Amino acid sequence: TDLEEGATAVLTDLEEGAALADRNVALNAGQVKAAGGSATVVRHCWGEDIDCVMQHGPFDLVIACEVVYNNEAFVPLVKSLTEVCGAKTKGFLALRQRHGCD
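Just so we're clear, the structure is a prediction, and the values are computed from it rather than from any experiment.

Asks: Help me understand helix 1 (residues 15-34) in this model?
Replies: Residues that lie three or four places apart on an α-helix share one face, since the helix turns once every 3.6 residues. Relative to the 28 Å expected for 20 residues at 1.5 Å per residue, helix 1 spans 28 Å between its end C-alpha atoms, a close match to the ideal helical length. Of all the bends in helix 1, the greatest, near 55 degrees, is centred on Asn28. If you check which residues of helix 1 are buried, you get Gly17, Ala18, Ala21 and Val25. For helix 1, the secondary structure elements touched by its buried residues are strand 1 (8-13) and strand 2 (38-43).

Below is the structure:
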């Protein structure tokens, strides 16, 4: 499979969530390195300049889970995903319909 030892993970989050992601990456750095992989956290707000993310690409796989909490975020999310995903990128998006979101 594409996801074997040596995978590189790039995690994105808003500034307020990135500190927790940084902590989780640090806590798991030994195991990730032992498996030949790496993990990096990048601060990114959907719809904004994507260069900080793209410097880690191109990406084979994009996984997004629980990334939208209101309808206004869908357009910026699609903009960012469109810019991040290339012709060969596989993507998985998991969203849960929330109260007030259609």
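Asks: For this particular structure, what's the right way to read the nonpolar core?
Replies: As a rule of thumb, nonpolar side chains are buried together in soluble globular proteins. Counting 10 residues, the largest nonpolar core is built from Val42, Ile50, Val53, Phe59, Val62, Val68, Ala73, Leu77, Leu81 and Val84. Counting residues per element, this core draws most heavily on helix 3 (residues 74-84), which supplies 3 residues. If near-sequence neighbours (up to four positions away) are discounted, Val42 is found in contact with Val10, Leu11, Thr12, Asp13, Cys52, Val53 and His56.

How each quantity is defined
- Note on numbering: residues in each chain are counted from 1, in written sequence order.
- Per-residue local features of the predicted model are confined to residues with pLDDT of at least 70, and side-chain atom pairs are confined, for both listing and counting, to 80 or more; whole-chain, interface and lining totals are unaffected and use all residues.
- Each side-chain value is derived from all of the structure's non-hydrogen atoms; neither hydrogens nor water enter the calculation.
- The numbering of helices and of strands both runs from the N terminus, where a helix is a DSSP run of H or I of at least 4 residues and a strand a run of E of at least 2.
- Multiplying 1.5 Å by the residue count of a helix minus one yields the expected span of that helix.
- Two axes are fitted around each residue, one to the seven residues ending there and one to the seven starting there, and the angle between them is reported as the bend at that residue.
- Burial classification: accessible surface area is computed with a 1.4 Å probe over protein chains only, and a residue below 20% of its type maximum counts as buried, one above 50% as exposed, and the rest as partly exposed.
- Contacts between residues were defined by any pair of non-hydrogen atoms, one from each residue, lying within 4.5 Å.
- We define a nonpolar core as any set of buried Ala, Val, Leu, Ile, Met, Phe, Trp, Tyr and Cys residues linked to one another through side-chain atoms lying within 4.5 Å.

Everything listed here is a matter of geometry and, on its own, says nothing about what the molecule does.
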